[in-house]
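So you can see what is in the structure, the chains are spelled out below.
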Amino acid sequence: MTQTRILVTGATGKVGGSVVTQLHARGVPARALVRREADFPEGVEVVHGDLGDPASLETALEGVDSVFLVWPFLSAAGASDVIKMIGKRARRVVYLSSAGVGSEKEKPGEAITMFHAELERLIEASGLEWTALRPTGFASNTLGWAEEVRTTGAVRAPLARLARPLIHEADIAAVAVQALTTDALLGARPLITGLELLTQERQVALISEVIGRPVRFEEVSLDEAIEQMKAAGYPAELVEAVVPAQAQMLDNPEPVNDEVERITGTPARSFREWVADHAADFR
């Protein structure tokens, strides 16, 4: 497959930023969509636009063959117009979805799975070539603990025994790059996972080991956790979907597979490796 140029949305985020970096390292022309000024490796083209304003994407999509799509909103409102705009210029879209879509745990009304499912449906119906990546929980979400770790040496959170196969953003990006630059994942919805199930308590212990100082896990109730997240500014709809869904994973954890290695040829990175890559955030 011959690529001309790839537009990366969410380019200032963990996954999108890693997609830009990996494409650039391969010599694939990458164009980063941003809403404000941002730094990228020399040679990466930066364009301004906003997925909330489809008309602003017209210039960004000029000469683009494929799009890596990260949807930044908690509903699918406006997505149809964005996908139509992409379809006018590009021929392929790789969408960052979620492992919760299509799983047995998915229930009508769950905020996160609902909008991802609708985006997948719209993309599949668009006539574009497509891939929908379905990763498990992001290791980068534990950066939400970083300030507590730095200032108190403790993580106060619910569900100490909650075990998840957290995935490194670079592994998600590596799969995305395969989907963007080859035909191997056309029409696929790969479930991609981290290397192993680790409880939240063990995640905190690994952070402690890597940064070389004590960090303890202090378990709080679900109700307290919900109120803390709301007070921190997280949308109520998101909080009330995420926390109960996580509680359900105590007895029904996410699966672990080797799809990252099968697709990319390299095993998924461990959570310890992820912490080592982000140790400065916790110190």
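The present account deals with the structure reproduced in this document.

Parameters at a glance
- Sequence order as written defines residue numbering, which begins from 1 separately in each chain.
- Local features in a predicted model are, by the rule used here, given only for residues with pLDDT of at least 70; side-chain atom pairs are given and counted only at 80 or more, and totals for whole chains, interfaces and linings are based on all residues.
- As a rule here, side-chain values come from all non-hydrogen atoms in the structure, and water together with hydrogens is ignored.
- Helix and strand assignments follow DSSP, with helices taken as H or I runs no shorter than four residues and strands as E runs no shorter than two, numbered in order from the N terminus.
- Only C-alpha atoms enter the radius of gyration, while the globule expectation follows 2.2 Å times N to the 0.38, with N the number of residues.
- Think of it in three bands: with a 1.4 Å probe and only protein chains considered, a residue is buried below 20% of the maximum accessible area for its type, exposed above 50%, and partly exposed in between.
- What makes two residues a contact is simply this: any of their non-hydrogen atoms within 4.5 Å.
- Accessible surface is estimated by sampling points in the Shrake-Rupley manner with a 1.4 Å probe; for residues, cover comes only from the protein chains shown.
- Charge counting treats Lys and Arg as positive and Asp and Glu as negative, with His and both chain ends excluded.
- Each charge is placed at NZ for Lys, CZ for Arg, CG for Asp and CD for Glu.
- Residue count minus one, scaled by 1.5 Å, sets the expected span of a helix.
- Each pair of aromatic rings taken from Phe, Tyr and Trp, with Trp reduced to its six-membered ring, is defined by centres within 6.5 Å and is described as stacked if the planes are under 30 degrees apart, edge-to-face if over 60, and tilted in the remaining cases.
- Whenever a carboxyl oxygen of Asp or Glu lies within 4 Å of a side-chain nitrogen of Lys or Arg, that contact is scored as a salt bridge.

## Focus: the overall build of the chain
From N to C terminus, the chain includes 11 helices and 11 strands. In summary, the chain has a C-alpha radius of gyration of 19 Å against a globular reference of 19 Å for 283 residues, a match within 12%. Taken along its principal axes, the extent of the C-alpha atoms in the chain is 50 × 40 × 35 Å. Per-residue burial for the chain yields a buried fraction of 50% across its 283 residues. For the chain, long-range pairs separated by at least 24 residues make up 77% of all intrachain contacts whose partners lie at least 6 apart in sequence. Summing over all exposed atoms, the chain offers an accessible surface of approximately 13,000 Å²; the carbon and sulfur share of this is 48%. Placing the 28 positive and 40 negative side-chain charges of the chain at their respective mean positions leaves the two points 2 Å apart.

## What to know about helix 6 (residues 200-211)
Its 12 residues give helix 6 an end-to-end C-alpha distance of 17 Å, which sits within 8% of 16 Å, the value for a rise of 1.5 Å per residue. For helix 6, the full list of buried residues reads Gln 200, Gln 203, Val 204, Leu 206, Ile 207, Ser 208, Val 210 and Ile 211. Residue Gly 212 follows helix 6 closely and has a positive phi angle near 75 degrees.

## Digging into the packing of aromatic side chains
Under the criterion given, the structure shown has three aromatic pairs. With 6.1 Å between their ring centres and 75 degrees between their planes, Trp 274 and Phe 282 make a pair best called edge-to-face. Accessibility classification places Trp 274 together with Phe 282 in one group, the buried group. Linked through ring pairs, Phe 271, Trp 274 and Phe 282 together constitute an aromatic cluster.

## What to know about the pattern of salt bridges
Following the criterion strictly, the structure yields 20 salt bridges and no others. Of the charged contacts in the structure, one is a salt bridge between Asp 65 and Arg 91, with a shortest N-O distance of 2.9 Å. One end of the pair, Asp 65, is in the loop between strand 3 (45-48) and strand 4 (66-69); the other, Arg 91, is in the loop between helix 2 (79-89) and strand 5 (92-96), and 26 residues separate them in sequence. The class of Arg 91 is partly exposed, set by a relative accessible area of 32%. It is possible to trace a salt-bridge network through shared partners that takes in Asp 65, Arg 91, Arg 92, Glu 129 and Asp 183.

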